[in-house]
Amino acid sequence: MLFANRRKTPKKKKKKRSTAVLSTAVEVNMAAVGPLGRVARLGSSICRNHRLLSNRSPQRRGIASCVDPAHGLTDEQKEFQEVAFNFAANEMAPHMAEWDQKEIFPVETMRKAAQLGFGGIYVQPDVGGTGLSRLDTSVIFEALSTGCVSTTAYISIHNMCAWMIDTFGNTEQRERFCPDLCSMEKLASYCLTEPGSGSDAASLLTTAQLKGDRYILNGSKAFISGAGDTDVYVVMCRTGAKGAKGISCLVVEKGTPGLSFGKKEKKVGWNSQPTRAVIFEDCAVPVANLLGAEGQGFNMAMKGLNGGRINIASCSLGAAHACVQLARDHLLVRKQFGETLSNNQYLQFKLAEMATKLVASRLLVREAATALQQNRPDAVSLCSMAKLFATDECFDICNQALQMHGGYGYLKDYAVQQFVRDIRVHQILEGTNEVMRMIISRNLLTES
């Protein structure tokens, strides 16, 4: 593995050789260097511009060590975390406001991220994925979100879809869909929610009737990220009786007759990704596009969401990390009553609470990611806890940061307001935080 060999490098030479190792990654066969090779490849071009690893990224520079997101990470994790921070600072943050205000879906920027290996982070390498762990994935999404939460959140959904096809698809399906998804030449959307079934996902009504060698889909999905602009739709539909056991999963490709989309929704945040209804009217999908067997779709959907909850919580961490820094910097320069706000004890205490909530949220998210990777019995509960706690607390952090900015925080010239708007929906999607409480309590009460 590429970065495994770096452990043998003498400490005094490590910084010098890190650039050299990454710079040669383009020439190294990906199969030989292992899953981190993709991360290294674009990193090499950044190294040549003397921006990667030689200096801390703007999003991290000056941040107090007690909230440093690199704490506890391995050397390899610190390397690709730094790549993600630099990508966020150089390729995303300068455009974040424009993407939001003009509602631009930044496809080319996302494809640049995919060149780093961020299009299929936890997809297996044999079909183009990076093959990293759930913890690695959380680290990357947290870092990317400091540059644009909305765009990173879509990338996380795309990753979840690619993982579902990689995990539950057969060899033909994996080889057919995953390479283009991992490169983000094709983009994916996750289709579970319906107009009448949000939290009660098992009651979905979209039907798929088998006729010959095709399933005929009828129904609609609501609030689908990327819909209309994406190429692959991972759709939960009813092939059997009522309830969870009657649900199956089909991969529907854009251009399939009978597939159409509703109007583009106007949203408070998440404006760099389009949201539309997905409509099926006698939409004929080949049987070959069925993931797994009939009746397994709900189980697939829930397994996908366990990872999705960690991913979205990680995006909240990135927003909160950025906002703690923005608030800190503002307190140090803004003067009222003849002195900087940093001398106000009330605001000092508020900043301390924000930092504490950030670190506590990060620790819980990373523990949940580890539990999911290890398939531990407590993984589902921990994923729900992490999503509940991190999205609630990180929203409070961002909202408090806006308050510390006073009237300036309410202006769109200041990034803090966009972080607030973009992460508010994290308390709703991937299972509302009320549903997270139901899952946690149910698991507690049913344990023997």
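Residues numbered from 1 in each chain as written. Predicted model: local features only at pLDDT ≥ 70, side-chain atom pairs only at ≥ 80, totals over all residues. Heavy atoms only, no water.

In this model, the largest pocket occupies a volume close to 1100 Å³. For the largest pocket, the lining is made up of 39 residues, of which Thr-193, Ile-428, Leu-429, Glu-430 and Gly-431 are closest to its centre. Every element with two or more residues in the lining of the largest pocket is listed here: α8 (149-168), β3 (214-225), α10 (297-333), α13 (415-424) and α14 (433-446). Ranked by residue count, the leading element in the lining of the largest pocket is α10, at five residues. Here the residues of the lining of the largest pocket are counted per class, giving 21 nonpolar, nine polar and nine charged. (1 Å grid on protein atoms, 1.4 Å probe; cavity = no way out; pocket = protein on both sides within 12 Å on 5 of 7 lines; lining within 4 Å. Points joined across faces, edges and corners; volume = space filled by probe spheres on them. Helix = DSSP H or I, 4+ residues; strand = E, 2+ residues; numbered from the N terminus. Nonpolar A, V, L, I, M, F, W, Y, C, P; charged D, E, K, R; others polar.)

Here we take up the nonpolar core. Within the largest apolar cluster, 103 residues are counted, with the highest numbers of intra-cluster contacts made by Phe-118, Met-164, Ile-165, Tyr-190 and Met-236. Considering every element that reaches this core, the biggest residue donor is α10, with 15 residues. If sequence neighbours within four positions are ignored, Met-164 has contacts with Gly-169, Tyr-190, Val-234, Met-236, Leu-291, Met-300, Ala-301 and Gly-304. Among the nonpolar cores identified, the runner-up in size contains 17 residues, and Cys-237, Val-252, Val-278 and Phe-280 belong to it. (Core = buried A, V, L, I, M, F, W, Y, C linked by side-chain atoms within 4.5 Å. Buried < 20%, exposed > 50% of the residue type's maximum accessible area, 1.4 Å probe, protein only. Contact = heavy atoms within 4.5 Å.)

Below, the discussion takes up a nonpolar patch on the surface. Residues Tyr-408, Leu-411 and Tyr-414 make up a contiguous nonpolar surface patch of about 250 Å² in total accessible area. By relative accessible area, Tyr-414 is classed as partly exposed at 31%. (Patch = residues over 30% accessible without salt bridge, like charges linked within 9 Å, V, L, I, M, F, W, Y side chains within 5 Å. Areas by Shrake-Rupley, 256 points an atom, 1.4 Å probe, with all protein chains shown as cover. Salt bridge = Lys/Arg side-chain N within 4 Å of Asp/Glu carboxyl O.)

What follows covers the packing of α10 against helix α11 (residues 345-373). Put simply, α10 and α11 touch, their axes get as near as 10 Å, and they point 155° apart. What the angle tells us is that α10 and α11 run roughly antiparallel. Handedness of the α10/α11 crossing: left-handed. Broken down by class, the residue content of the contact of α10 with α11 amounts to 16 nonpolar, five polar and two charged. (Axes fitted to C-alpha atoms, helices over the stretch in contact; angles between N-to-C directions. Parallel < 35°, antiparallel > 145°, perpendicular 65-115°, else oblique. Left-handed = near helix turned anticlockwise from the far one by under 90°.)

Looking now at the pairing of strand β5 (residues 247-253). It is a general feature of regular strands that their side chains alternate between the two faces of the sheet. Across the seven residues that make up β5, a large majority, six, are buried. Inspection of the sheet shows strand β4 (residues 232-238) paired to β5 by seven bridges, in the antiparallel sense. Bridged to Val-234 within β5 is Val-251. Where β5 and strand β8 (residues 290-291) come together, two bridges link them in antiparallel fashion. Across the sheet, the residue bridging to Cys-249 is Leu-291, located in β8. (Pairing = 2+ DSSP bridges.)

This next bit is on the pattern of salt bridges. In the structure shown here, the tally under the stated rule is 20 salt bridges. We note a salt bridge from Arg-421 to Asp-100, for which the minimum N-O separation is 2.8 Å. Placement of Arg-421 in helix α13 and of Asp-100 in helix α5 (residues 96-102) is noted, with a sequence separation of 321 residues between them. The pair Arg-421 / Asp-100 is uniform in exposure class, with both members buried. Connected through salt bridges with shared partners, the residues Glu-103, Lys-264 and Lys-266 form a single ionic network.

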